[in-house]
Amino acid sequence: MSLQKNLSLAIMAIIALVIAGCSSEKPETDNGVRWPTATLIDPNTASADLLSGVPGIDATLAEAVIAGRPYATASDLNAVLATSLDETALREVYKLVFVKVELNDAAEDDLKLIPSSLSPRKFAHEIEEYRPYASMQDFRRELGKYVSETELAYLERFVYLSE
C-alpha cells in the first residue's frame, strides 16, 4: 500500500471519529430514547481502529468486518456481525455503523435492520407501502406520520434515493 493511500485512510479515519461523536454534540433524545445524529460509519471504508471504537465491536470483530468487504446490503453486514453479537447489541451497533439502503428497492430484510422505535416489521411495511419515493420529502411526509421529528432526522441517515 502506498504512503499516500495510507495517509488518506488515516485522515478519513480521523474525520470519521470527529463526526462520530468526539465533539460536545450529544445525541438527540425523544422521550428518553437517544437518537444519534452523527454521520453513519460506512463498514466498507472504515478502518479497524474506527470500527473497534464502536461499542460492541472489538478488534477481532472489526477485522472480521474488514475481511468481509464489500457489503452491498445491510443483510450482508448482518451476516458477519450476527455471528458475534446478540439482537440488542446489533441494534446498538447499527445506530452507528450501517450500509445505507435505497428507499425504492431495498429488500424487506435490509429495512428491518434499521433501528427505529417502530417494530422492524412495521418499519419495513411503512417504507414499502409508500413506494416509489420521488424525493426525500416523500419519505419525511410518510414516516413522519409514525415517528417524531427527532427520530425522523435520525432515520434519514440510513436511506438514500438513487438519481
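Quick look at the structure, then. (Residues numbered from 1 in each chain as written. Predicted model: local features only at pLDDT ≥ 70, side-chain atom pairs only at ≥ 80, totals over all residues. Heavy atoms only, no water.)

Right, let's talk about the overall build of the protein chain for a bit. A tally of helices and strands in the protein chain yields nine helices and four strands. Listed N to C, the secondary structure of the protein chain is α-β-β-α-α-α-α-β-α-α-α-α-β in terms of helices and strands. For the protein chain, buried positions account for 38% of its 163 residues. Partitioning the intrachain contacts of the protein chain with sequence separation of at least 6 by distance along the chain shows that 54% fall at a separation of at least 24. For the protein chain, the accessible area works out to roughly 9000 Å², and carbon and sulfur atoms hold 54% of it. (Helix = DSSP H or I, 4+ residues; strand = E, 2+ residues; numbered from the N terminus. Buried < 20%, exposed > 50% of the residue type's maximum accessible area, 1.4 Å probe, protein only. Contact = heavy atoms within 4.5 Å. Areas by Shrake-Rupley, 256 points an atom, 1.4 Å probe, with all protein chains shown as cover.)

So, about the packing of helix 4 (residues 74–81) against helix 5 (residues 87–94). Between helix 4 and helix 5, whose axes approach to 11 Å, the crossing angle comes to 130 degrees. Of the possible angle classes, the one that applies to helix 4 and helix 5 is oblique. With respect to the hand of their crossing, helix 4 and helix 5 are arranged in right-handed fashion. Where helix 4 abuts helix 5, its residues L77, N78 and L81 lie against L90, V93 and Y94. Here the residues of the contact of helix 4 with helix 5 sort into five nonpolar, one polar and no charged. (Axes fitted to C-alpha atoms, helices over the stretch in contact; angles between N-to-C directions. Parallel < 35°, antiparallel > 145°, perpendicular 65-115°, else oblique. Left-handed = near helix turned anticlockwise from the far one by under 90°. Nonpolar A, V, L, I, M, F, W, Y, C, P; charged D, E, K, R; others polar.)

Below, the discussion takes up the pattern of salt bridges. Taken as a whole and assessed by the stated rule, the structure comprises seven salt bridges. With its nearest N and O atoms 3.2 Å apart, the salt bridge here joins E92 to K95. Its relative accessible area of 15% is what places K95 among the buried residues. Two residues, E142 and R141, come together in a salt bridge whose shortest N-O distance is 3.3 Å. (Salt bridge = Lys/Arg side-chain N within 4 Å of Asp/Glu carboxyl O.)

The next subject is the environment of Y154. Mapped onto the elements of the fold, Y154 is located in helix 9 (residues 149–155). Owing to a relative accessible area of 1%, Y154 belongs among the buried residues under this scheme. Taking C-alpha positions, Y154 is 10.0 Å from L40, a pair spaced 114 residues apart along the chain. Once you skip the residues sitting within four places of it in the chain, Y154 turns out to touch W35, P36, K95 and P115.

So, on to the packing of helix 3 (residues 59–67) against helix 4. Here helix 3 crosses helix 4 at 140 degrees, and the two axes come no closer than 9 Å. The angle between helix 3 and helix 4 falls in the class oblique. Where helix 3 crosses over helix 4, the two elements pack in a sense that is right-handed. Of the residues in helix 4, those in contact with L61, A64 and V65 of helix 3 are L77, V80 and L81. Of the residues that constitute the contact of helix 3 with helix 4, the class distribution is six nonpolar, no polar and no charged.

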